[in-house]
Amino acid sequence: MDVSVKFLGAAGTVTGSRYLLDLGDFEFLVDCGLFQGRKELRRRNWDKFPMPPTDMEAIVLTHAHMDHIGCLPKLVKDGFRGPIYCTAVTAELAKILLLDSGKLQEEEAEYARKKGYSRHENPEPLYTVEDAEAVFPLFVPQDFKKPFSIHPAVEVTYYYAGHILGAAIVKIVIKGDSQTKKLVFSGDLGRYHDPILYPPTLIPEADVVWIESTYGDRISTTVKPEEELERAINDVFSRDGLVIIPAFAVGRTQLVMYYLYQLLKKGKIPNVPIYLDSPMAINVSNLYKQFHQDHQLIAVLDNTEQHPFQHSQLHYYRKQEQSRTLNDLKGKAIIISASGMATGGRVMHHLFHHLPDERNGVIFVGYQAEGTRGRRLVNGETDVRIYGQEVPVKAKIYSVEGLSAHADQNELMEWAEGFSEKPKLTFIVHGEEKSSSVLAQKLKDELGWNTVIPNYLESFMLFEGI
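Here the structure is a predicted model, which is why all the values come from computation and not from measurement.

Definitions and cut-offs
- Residues numbered from 1 in each chain as written.
- Predicted model: local features only at pLDDT ≥ 70, side-chain atom pairs only at ≥ 80, totals over all residues.
- Heavy atoms only, no water.
- Helix = DSSP H or I, 4+ residues; strand = E, 2+ residues; numbered from the N terminus.
- Rg over C-alpha atoms; globule rule 2.2 N^0.38 Å.
- Buried < 20%, exposed > 50% of the residue type's maximum accessible area, 1.4 Å probe, protein only.
- Contact = heavy atoms within 4.5 Å.
- Areas by Shrake-Rupley, 256 points an atom, 1.4 Å probe, with all protein chains shown as cover.
- Lys, Arg positive; Asp, Glu negative; His and termini not counted.
- Charge placed at Lys NZ, Arg CZ, Asp CG, Glu CD.
- Expected span 1.5 Å × (residues − 1).
- Pairing = 2+ DSSP bridges.
- Axes fitted to C-alpha atoms, helices over the stretch in contact; angles between N-to-C directions.
- Disulfide = S-S within 2.5 Å.
- Parallel < 35°, antiparallel > 145°, perpendicular 65-115°, else oblique.

## Topic: the overall build of the protein chain
When you go through the protein chain residue by residue, the secondary structure sums to 13 helices and 22 strands. Its C-alpha atoms give the protein chain a radius of gyration of 22 Å, near enough to 23 Å, the size a compact globule of 466 residues would have. Oriented by its inertia axes, the alpha-carbon framework of the protein chain measures out at about 70 × 50 × 45 Å. Expressed as a percentage of the 466 residues in the protein chain, the buried residues total 59%. By sequence separation, contacts in the protein chain at least 24 residues apart represent 74% of the contacts at least 6 residues apart. Summed over its atoms, the accessible surface of the protein chain is roughly 18,900 Å², and 47% of this surface lies on carbon and sulfur atoms. Separation between the mean location of the 51 positive side-chain charges and that of the 61 negative ones in the protein chain comes to 5 Å.

## Section: the environment of valine 362
Of note, valine 362 is situated in strand β16 (residues 361–364). For the pair formed by valine 362 and isoleucine 335, sequence separation is 27 residues and the distance between their alpha carbons is 9.6 Å. Among all residues touching valine 362, those that are not within four sequence positions of it are Ile244, Pro246, Leu351, Leu355, Lys396, Ile397 and Tyr398.

## With respect to helix α6 (residues 225–237)
Across its 13 residues, α6 extends 18 Å between first and last C-alpha, which sits within 8% of the 18 Å expected from 1.5 Å per residue. Here the buried face of α6 lies against β12 (243–246), α7 (252–265), β15 (334–337), β16 and β19 (396–399).

## A short note on the sheet that holds strand β5 (residues 84–87)
Ordered in space as β6-β5-β4-β3-β2-β1-β22, the seven strands form an open sheet in which the pairing is mixed. Either end of the sheet is taken by a strand with one partner, and the two such strands are β6 (139–142) and β22 (459–463). Within the sheet, the average angular offset between the axes of one strand and its neighbour, ignoring direction, is 25°. As paired strands, strand β2 (residues 19–22) and strand β3 (residues 27–30) are joined by four bridges and run antiparallel to one another. Within the sheet, the bridge partner assigned to tyrosine 19 lies in β3 and is valine 30.

## Digging into the state of the cysteines
Applying the stated criterion to the full structure yields zero disulfides. Sulfur of cysteine 71: no disulfide; nearest cysteine sulfur belongs to cysteine 32 and is 4.7 Å away. The cysteine cysteine 86 is free of any disulfide, with cysteine 32 supplying the nearest cysteine sulfur at 12 Å. A residue is classified by how much of its surface remains accessible, and cysteine 86, at 0% relative accessible area, is buried.

## Side note on the packing of α7 against helix α8 (residues 279–290)
Running from N to C, α7 and α8 cross one another at 75°; their axes reach a closest spacing of 9 Å. Judged on the interaxial angle alone, α8 and α7 are roughly perpendicular. Packed against α7, whose contacting residues are Thr253, Gln254 and Met257, the element α8 presents Ala281, Val284, Ser285 and Tyr288 at the interface.

Set out below in structure tokens:
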């Protein structure tokens, strides 16, 4: 048996995670994500898949972020009908996220058509809500730490990765005629001291490793993101301003709510209203109670009146009419809304209305991919384009990297050091050029690993005649 891999995404860039494994008589995909960020990357989402989706026999997902699952509806629309394996939480999160994505893309296409700011005469969504719903029957949920077969020669096991609820490190064991080989995909690794999620599992053995490198070139400067968040919020409130926190609905929003609750309880920030303006984030927060075994936040499970996701200052806004009332909000308050990189969603309305006021503040709480509106704001641009209009940036922009759900360089190295023997080959993926290069060199210098940074659409023969 020969085993090869083709890199269909997350190669030389952070997003678009897709790795096509070919065993000759069996082809399957690890992750099926959207490209995000720069326009030339986003255009790849419209490209024809390099093989007929009908020929691919299975998909194995690491977790439910859109850059790992967001292309599933397009693939199913184009003919894929195989099983989609994932953890049980990931299946539920994916349903929420994909429905929202389909709806958002329909709305954006319609808005662009009405306003006439698309270069296409009749802009169409990449996929629709109906396309997203067609994915759901294909999910095959799996437990953590319990091996399962996707082919007579292929066994898969999920291990905790941290990062977001349900996120997994994937170990794939391929049994050839004469040899057994182990592949390990890190997925996206979380922090080792996350107050909500379990830390990434150390895997002792692998022949080939895929390791993410989003923060491969940086070390977190703070071990107490709560204090960093406190300083930014109080700085805005010293001007009687309004705080906007763009946050991804899955993981980041819940972590922000956890820290805000701690700050309120300790009296570190004023007793102000907090508006969670994201139906998706509200739905996701409810899953923490349903899947209590997959996290360590006990407070959400009890029946006390007050916990991070339920207290007197926290207001859940599901309806659009409620969201619109926040456009006129003045003074001390906090709005949490998606998307986390300010690429779409309800947060766009809040930025549109509140960026021009110098009293206000926008606190970014995670990685901002190259080419996104979030990255441009963090980089200090004085105007940003929203809904086809140039909006002046008078509000103060903050970046709290201590709240990132991604492991930093030290934590990536800590995970790598968990292997009892060095892998024969390690692919550095899911990172921009600099971060991937720095991590690749560090793994070579300190651990003696054989590292490769693959290019987009590059193929490698992993094993011959096993």
